[in-house]
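# Structure assessment
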Amino acid sequence: MLDPATLTRLLKSQDIISFILLDPKGAVLAHNVKNPEKASGAVFLSSRHLKAVGKHQFRHALFSLDLDRTLILFALGDRILSVVTDKDPKGLVHVLESLI
């Protein structure tokens, strides 16, 4: 598992719009969002619901925000990563799945 600083550098190199990384209790480990407290609550609750549906199988979920942006939730071990991108999400999914 990458440490938050290394993951932050990796995400910045992927030209994403925003990201937030949470620990298992929902505390913010790294981010580049304006209001991390507000974002962390939404990401944490969403990930809880996805884990309940997917049991131990949850790896990632993609949500279309509009025609140009995609929200991706990743389970990185016991951490949760939320990424918003305006690029094709497949490449980013591949890169992040290689970290699991």
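Report on the accompanying structure.

## A few points about the overall build of the protein
Secondary structure assignment for the protein yields three helices and five strands. Residue burial in the protein is summarised as follows: out of 100 residues, 36% are buried. Restricting to contacts in the protein with at least 6 residues of sequence separation, those with at least 24 account for 41%.

## Considering the nonpolar core
In terms of nonpolar packing, the biggest core is built from 14 residues, with Leu7, Leu11, Phe19, Phe74, Leu81, Val83 and Leu96 touching the most fellow members. Counting only elements with at least two residues in this core, the list comes to helix H1 (4-13), strand S1 (18-22), strand S4 (70-76), strand S5 (79-85) and helix H3 (89-97). Ile20, Phe58, Leu73 and Ile80 belong to the second-largest nonpolar core, a separate cluster that totals nine residues.

## Here's the deal with H1
All of the buried residues in H1 are Leu7, Thr8 and Leu11. The arc enclosing the buried residues of H1, seen along the axis, measures out at 105°, which places them on a common side. Exposed side of H1, more than 90 degrees from the buried face: Arg9, Lys12 and Ser13 are the residues found there. In this structure, the buried residues of H1 make contact with S1, strand S2 (28-31), S4, S5 and H3.

## What about the sheet that holds S2?
Taking strand neighbours across the sheet as the criterion, the five strands line up as S2-S1-S5-S4-S3 in an open arrangement whose pairing is antiparallel. The strands lining the two open edges of the sheet, one partner per strand, are S2 and strand S3 (60-64). Direction aside, the axes of adjacent strands within the sheet are offset by 15° on average. Along the sheet face, H3 touches S3, S4 and S5 and points at about 10° away from the line of S4.

## A look at the pairing of S3
The side chains of a regular strand alternate between the sheet's two faces. One ladder, built from five bridges, connects S3 with S4; its direction is antiparallel. Across the sheet, alanine 61 pairs through a bridge with leucine 73, a residue of S4. Between the end of S3 and the start of S4, which pair antiparallel, lie five residues.

So, how was this worked out
Residues numbered from 1 in each chain as written. Predicted model: local features only at pLDDT ≥ 70, side-chain atom pairs only at ≥ 80, totals over all residues. Heavy atoms only, no water. Helix = DSSP H or I, 4+ residues; strand = E, 2+ residues; numbered from the N terminus. Buried < 20%, exposed > 50% of the residue type's maximum accessible area, 1.4 Å probe, protein only. Contact = heavy atoms within 4.5 Å. Core = buried A, V, L, I, M, F, W, Y, C linked by side-chain atoms within 4.5 Å. Arc of directions from axis to C-beta. Pairing = 2+ DSSP bridges. Axes fitted to C-alpha atoms, helices over the stretch in contact; angles between N-to-C directions.

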